[in-house]
Amino acid sequence: MGAFFFLPLLLVLVISFASRGTYGGVEWSFSLANYATVADPLYLKIFLHSLVLALVATVLCLVLGFPLAYYIARLPVRWQGVWLLLVMIPFWTNFLVRTYAWIFMLRTEGLLNSLLIGSGLIDKPLEVLFSDTAVLIGLVYGYLPFMVLPLYAAIERLPRSVVEAAWDLYAPAWAVFWRVILPLTKPGVVAGCILVFIPSLGAFITPDLLGGARSMMVGNLIQHEYLVVRDWPFGSAVSFVLMGLVLTGLMAYLRTEETMNKPGEER
Amino acid sequence: MSRRRAWLLGASLADLLFLYAPIVVLIFFSFNASRLSASWRGFTLQWYRLLAEDHALLAAVQNSLLVGLASTFVATLLGVCAAVGLERVPFKGRKLVEGALLLPLVIPEVMMGVSLMLFFALVKVPLSLVTVTIGHAAFNLPIVAVIVRARLRKLDPTLEEAARDLGATAWQAFRRVTLPLLMPAILGSALMAFTISLDDFIVTFFTAGPGATTLPLKVYSMVRSSVTPEINALSAILVLVSMSLIASSLVLQRKSPTQD
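About the thresholds
- Residues numbered from 1 in each chain as written.
- Chains lettered and ligands numbered in written order.
- Predicted model: local features only at pLDDT ≥ 70, side-chain atom pairs only at ≥ 80, totals over all residues.
- Helix = DSSP H or I, 4+ residues; strand = E, 2+ residues; numbered from the N terminus.
- Rg over C-alpha atoms; globule rule 2.2 N^0.38 Å.
- Buried ≥ 20, exposed ≤ 12 C-beta atoms within 10 Å, placed from the backbone.
- Contact = placed C-beta atoms within 7 Å.
- Core = buried A, V, L, I, M, F, W, Y, C linked by C-beta atoms within 7 Å.
- Nonpolar A, V, L, I, M, F, W, Y, C, P; charged D, E, K, R; others polar.
- pLDDT = per-residue confidence, 0-100.
- Axes fitted to C-alpha atoms, helices over the stretch in contact; angles between N-to-C directions.
- Parallel < 35°, antiparallel > 145°, perpendicular 65-115°, else oblique.
- Left-handed = near helix turned anticlockwise from the far one by under 90°.

### With respect to the overall build of chain B
Then comes step 1: A tally of helices and strands in chain B yields 11 helices and zero strands.
Then comes step 2: Going residue by residue from the N terminus, the α and β elements of chain B occur as α-α-α-α-α-α-α-α-α-α-α.
Then comes step 3: Here the C-alpha atoms of chain B give a radius of gyration of 23 Å, more than 25% beyond the 18 Å that 2.2 N^0.38 yields for 260 residues.
Then comes step 4: The C-alpha extent of chain B, read off along each of the three principal axes, is 75 × 65 × 30 Å.
Then comes step 5: Classification of the 260 residues of chain B by burial places 40% in the buried group.
Then comes step 6: Relative to all contacts within chain B whose residues are 6 or more apart in sequence, the contacts with residues 24 or more apart total 80%.

This is the structure in structure tokens:
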């Protein structure tokens, strides 16, 4: 049964070493040329851009998600379920619909601009849509629940007494957070970051609909190579580099989880 | 203490506002009488009426339902087999199959889409609703398998043992004891698979041939070309449908005869 996923993936790997035929087919030969092309500054820039956007989105999700997760984890148990459900509900909405909602809000004649102009705060509409800012908003909006849930799980397990002890010992607020809460909830932080980072890195719909010509991410590059340029071997090479990045992140996560779960090493 | 709580509550409410405002605004403006402006011009249902008259859209809905039902059936059947096989039948290479099963949950969806497309191109199967169905079954299988397996793990193994002691064959014990106990998880995961299939865009985008337009593909082309109140109305309906589907899936998964 596993063949169902392995076979196609293997195919992508094999084709990534082949070359493009004259009419867009695949010419069977072996070369590393496609991987060399990935290293071209033009494409490296797209990878770098995707990495930066995914990282910023992850950090934003962490900053926005932490207070929410902390608040939920400290509520009476019967309210926790309600709040968690509230966090999850938007996530169950069709991704295209959620992305369209932001087009509706951010476009030049959109709600945001008419509100801002109507209130006299600005006189020229902000050009937010089709920019990196819009892509970031879309990514954070799409993946915030992925951050909140593991954070909540980690904070819920953090004993209140530990935090109270830090306050009692006159630790300043930043120290309570930085030296007590954060280290003790690290597994949740790492899990949340991975869960946001991976889909952000491979995002396709968000940059496609909210981004401009210069906000291209790896997902768009793959789609472009496959369906527009029809250079399947190069598209495959790009996909494999992307998958390599994702799996590296995943390995790093599993590694940290293993060391953190080792008995006797718990702080 | 209370000032800190107030600060946390404020930040949390801001988060919820961020999560809900776009959806609420979207639905609100699906009732707006003005076609172009983002300001309120009175209540109307005309955009919903226009949707009901859009034949291309209705055909896409039909395609989506077809693909959803067929792929859910396949994914559920194979997913339950995979869950039972992994949990109850010891065999060589189990770890490998386990890993392979989880792979689709972590690899980028775009990658899943292109690999399936290449696969179909090389085995010379023309892209159609059938290939879309196979693609959907492929990414839904592990979801069903994971949910059913979790339930299987929680079942009391002595129940099946008792059935065997009382003379039931392995198949009878499974069919009459284990399967009914698994039913809530199976139905719940099937409903979830159906919802995901209805919502899927990326894998469909790569595996759909000409004429095989599903609802998300139609929505995508509408969204790309313009912003219209019809899309708002369609979005409102989609929000409602996926939420009720997921809600029933959760209710089913939570309901269990053993009450654990």
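Next comes the rest of the description.
### Remarks on the nonpolar core
All names here are of chain A.
Then comes step 1: The biggest cluster of nonpolar side chains holds 135 residues, and the ones touching the most others in it are A69 and V140.
Then comes step 2: Ranked by the residues each element gives to this core, the list is headed by helix α7 (residues 132-156), at 17 residues.
Then comes step 3: If sequence neighbours within four positions are ignored, A69 has contacts with V148, L151, Y152 and I155.

### Concerning the interface of chain A and chain B
Then comes step 1: Contact with chain A, which involves 53 residues of that partner, is made by 50 residues of chain B.
Then comes step 2: Where the side of chain A that touches chain B is concerned, the elements lending two or more residues are α1 (3-15), α3 (41-73), α5 (95-106), α6 (111-118), α11 (205-210), α12 (218-228) and α13 (232-261) of chain A.
Then comes step 3: Here the side of chain A that touches chain B is built from residues that sort into 41 nonpolar, 10 polar and two charged.

### Structural notes on the confidence of the model for chain B
Then comes step 1: Per-residue pLDDT for chain B has a mean of 86; in total, 97% of the residues score no lower than 70.
Then comes step 2: Among the prediction metrics, the complex's ipTM stands at 0.84, with pTM recorded as 0.86.

### Description of the environment of M117 of chain B
Then comes step 1: Assignment of secondary structure puts M117 of chain B in helix α5 (residues 109-122).
Then comes step 2: On the basis of neighbour counts, which here come to 25 C-beta atoms within 10 Å, the residue M117 of chain B falls in the buried class.
Then comes step 3: Distance from M117 of chain B to P157 of chain B, taken between C-alpha atoms, is 42 Å for residues 40 residues apart in sequence.
Then comes step 4: The contacts of M117 of chain B, once residues within four sequence positions are left out, are Y226 of chain A together with F206 and T207 of chain B.

### Digging into the environment of V180 of chain A
Residue and element names in this part refer to chain A.
Then comes step 1: Structurally, V180 can be placed in helix α9 (residues 173-184).
Then comes step 2: For the pair formed by V180 and P90, sequence separation is 90 residues and the distance between their alpha carbons is 32 Å.
Then comes step 3: Other than its neighbours up to four places away in sequence, V180 contacts V162, V163 and A166.

### Here we look at the confidence of the model for chain A
Residue and element names in this part refer to chain A.
Then comes step 1: Mean pLDDT over chain A stands at 85; residues scoring 70 or higher make up 92%.
Then comes step 2: Summarising per-element confidence for chain A, the mean pLDDT is lowest in strand β2 (residues 26-27) (70) and highest in α3 (94).
Then comes step 3: With pLDDT under 50 throughout, residues 263-267 is counted as low confidence; its partners more than four residues away or in other chains account for two contacts.

### As for the environment of L250 of chain A
Then comes step 1: You can see L250 of chain A is positioned in helix α13.
Then comes step 2: The class of L250 of chain A is partly exposed, set by 15 C-beta atoms lying within 10 Å.
Then comes step 3: Between the C-alpha atoms of L250 of chain A and L195 of chain A, which are 55 residues apart in sequence, the distance is 9.3 Å.
Then comes step 4: L250 of chain A has contacts with I194 of chain A together with V106 of chain B, leaving out every residue within four places of it along the chain.

### Topic: the packing of α5 of chain A against helix α10 (residues 215-225) of chain B
Then comes step 1: Packing of α5 of chain A against α10 of chain B brings their axes to within 10 Å, and their N-to-C directions diverge by 10 degrees. Put simply, α5 of chain A runs roughly parallel to α10 of chain B. The way α5 of chain A lies across α10 of chain B gives a crossing that is left-handed. On α10 of chain B, the residues touching L96, Y100 and I103 of chain A of α5 of chain A are P216, V219, Y220 and V223 of chain B.
Then comes step 2: Here the contact of α5 of chain A with α10 of chain B is built from residues that sort into seven nonpolar, no polar and no charged.

### So, the packing of α12 of chain A against α5 of chain B
Then comes step 1: Contact geometry for α12 of chain A and α5 of chain B: axes closest at 10 Å, N-to-C directions at 15 degrees. Viewed along their axes, α12 of chain A and α5 of chain B adopt a mutual orientation that is roughly parallel. α5 of chain B is crossed by α12 of chain A, and the crossing has left-handed handedness. Two secondary-structure elements touch here, α12 of chain A through G219, I222, Q223 and Y226 of chain A and α5 of chain B through V110, V114 and M117 of chain B.
Then comes step 2: Split into classes, the residues belonging to the contact of α12 of chain A with α5 of chain B amount to five nonpolar, two polar and no charged.

### Let's talk about unusual backbone geometry
Residues and elements named next belong to chain A.
Then comes step 1: Unusually for a residue other than glycine, F130 sits at a positive phi of about 65 degrees.
Then comes step 2: With respect to the helices and strands, F130 occurs in the loop between α6 and α7.
Then comes step 3: Of note in this structure, Y170 is not a glycine but carries a positive phi near 65 degrees.
Then comes step 4: Within the secondary structure layout, Y170 lies in the loop between α8 (160-168) and α9.

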